[in-house]
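# Reading the structure
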Protein chains: 2
Amino acid sequence: MNISRAAQQSGLTVKALRYYESIHLLQPGRSANGYRDYSERDLETLRFIQRARSVGFSVEEVRDLLELHQNPSRRSHDAKLLVLGKLEHVETQLRNLREMRTTLRDLAQRCAGDESPECAILDRLAGGEHD
Amino acid sequence: MNISRAAQQSGLTVKALRYYESIHLLQPGRSANGYRDYSERDLETLRFIQRARSVGFSVEEVRDLLELHQNPSRRSHDAKLLVLGKLEHVETQLRNLREMRTTLRDLAQRCAGDESPECAILDRLAGGEHD
DNA sequence: TTAAAGATTACCGCAAGGGTAAGGTCAAGC
DNA sequence: GCTTGACCTTACCCTTGCGGTAATCTTTAA
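The structure presented is a predicted model; accordingly, all values stated were derived computationally and were not measured.

Okay, the protein's contact with DNA strand D next. Taken together, the neighbourhood of DNA strand D is formed by 19 residues, with S4(A), R18(A), R36(A), K15(B) and Y20(B) sitting nearest. Counting only the atoms of DNA strand D within 4 Å of the protein, the fraction contributed by sugar and phosphate is 72%. Take R30(A): an N or O atom from its side chain is 3.1 Å from a phosphate oxygen of DNA strand D. A distance of 2.7 Å is found between a phosphate oxygen of DNA strand D and a side-chain nitrogen or oxygen belonging to Y20(B). Those elements giving two or more residues to the surface near DNA strand D turn out to be α1 (3-10) and α2 (14-22) of chain A together with α2 (14-22) of chain B. When residues in the surface near DNA strand D are grouped by element, the largest group, four residues, is from α2(B). In terms of residue class, the surface near DNA strand D is made up of seven nonpolar, six polar and six charged.

Below, the structure written as structure tokens:
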């Protein structure tokens, strides 16, 4: 199957597939005309990659996951460690974003948002008094 | 004041200050020896930048905020729009991360995490049955 | 005097592809 | 046979926000 169909069937982009080949994450075969030729097995791998990426894993982490996936003598312990590590990372990001949200809400709430130049947002960012 | 002190006093890095100059966000003066020379006003601007960045604004958004800050005939409406836009963006990210967290927790919970190769995480990523 | 500390510019690198150019290939319609 | 359009190829630059390193001044302290 050619690249655009593989992209479509996996939920990835053509650019991404070519990129994954360039970093040796997934090497499809080639047809006689030089076109990339994705097998059914390649497609399953692409779907694996897509799912892992959508959960937040980096491409390098996906590489590790794929290796485990393809290794029959793996220990589920190792896969779980990757997931727990990512989970922790996600929770850290969540905390940071919640803090940002609080501050942004606070800023927005104090600003009239009218035609006047008087603006609590800018005052605060400038280090103005808090309350 | 020289660059390292300005960095220290603003909570930014020396590299960041040089970068901000290179993109014309803040142009400090120069001493006779060619060293950058940050004034007190520059320092306040740097602190403004630091606060805005820490709340999640991109450098280009900070540029807009600075412009408003320095424009006496601004309308607070414009500043508020920037904050509300950023708030929306942060909330979108929060939703995405919460979804990732749910999936990751689900994955972790189903995996024994022992010495066996049997692993629900890898099965799921491979498109295995759900429940 | 000399060595350490701090400054300068310049360039390469990251993540994860997106965008575009210049060109080969393939199938359909005339 | 010919052309057109859709699809494929490689190659190279762009993005964000700096971090790291090198080679080269300047200043400061011992």
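Next up on the list: the UniProt feature "domain: HTH merR-type" (unreviewed entry) in chain A. Look at the UniProt record and you will see "domain: HTH merR-type" (unreviewed entry) annotated at residues 1-68 of chain A. Secondary structure content for residues 1-68 of chain A is 62% helix and 6% strand, and the end C-alpha separation is 26 Å.

With that settled, consider the domain arrangement of chain A. Residue and element names in this part refer to chain A. According to the domain assignment, chain A contains domain 1 (1-74) and domain 2 (77-131). Each of domain 1 and domain 2 has a C-alpha centre, and these two points are 36 Å apart. Across the contact, seven residues belong to domain 1 and five residues belong to domain 2. Both sides of the domain 1 and domain 2 interface together cover about 510 Å² of buried area, and 78% of this is carbon and sulfur. For the pair domain 1 and domain 2, the interface holds one salt bridge. Between E61 and K86 there is a salt bridge whose closest N-O contact spans 2.9 Å. Between domain 1 and domain 2 we count two residue pairs in polar contact (both at pLDDT 80 or more) in total. Taken together, the residues that form the side of domain 1 that touches domain 2 break down as three nonpolar, two polar and two charged.

Another aspect to go through is the interface of chain B and chain A. Listed as interface residues are 51 residues of chain B and, on the opposing side, 51 residues of chain A. Here chain B and chain A share an interface that buries about 4,400 Å² over both sides, 70% of which is from carbon and sulfur atoms. The largest contributions to the chain B side of the interface with chain A come from L104(B), L122(B) and L125(B), which together make up 15% of the buried area. In this structure, the connection of chain B to chain A is made through four salt bridges. Elements represented by at least two residues in the side of chain B that touches chain A include exactly α3 (40-54), α4 (59-70), α5 (76-110) and α6 (120-125) of chain B. Here the side of chain B that touches chain A gets 21 residues from one element, more than from any other, and that element is α5(B).

Thresholds applied
- Residues numbered from 1 in each chain as written.
- Chains lettered and ligands numbered in written order.
- Predicted model: local features only at pLDDT ≥ 70, side-chain atom pairs only at ≥ 80, totals over all residues.
- Heavy atoms only, no water.
- Near = heavy atom within 4 Å.
- Polar contact = N/O pair within 3.5 Å; in protein donor to acceptor, adjacent residues only side chain to side chain.
- Helix = DSSP H or I, 4+ residues; strand = E, 2+ residues; numbered from the N terminus.
- Nonpolar A, V, L, I, M, F, W, Y, C, P; charged D, E, K, R; others polar.
- UniProt positions renumbered as here; feature names shortened; annotations may be inferred.
- Domains from an automatic or database assignment.
- Contact = heavy atoms within 4.5 Å.
- Buried area = accessible area lost by both parts, 1.4 Å probe.
- Salt bridge = Lys/Arg side-chain N within 4 Å of Asp/Glu carboxyl O.

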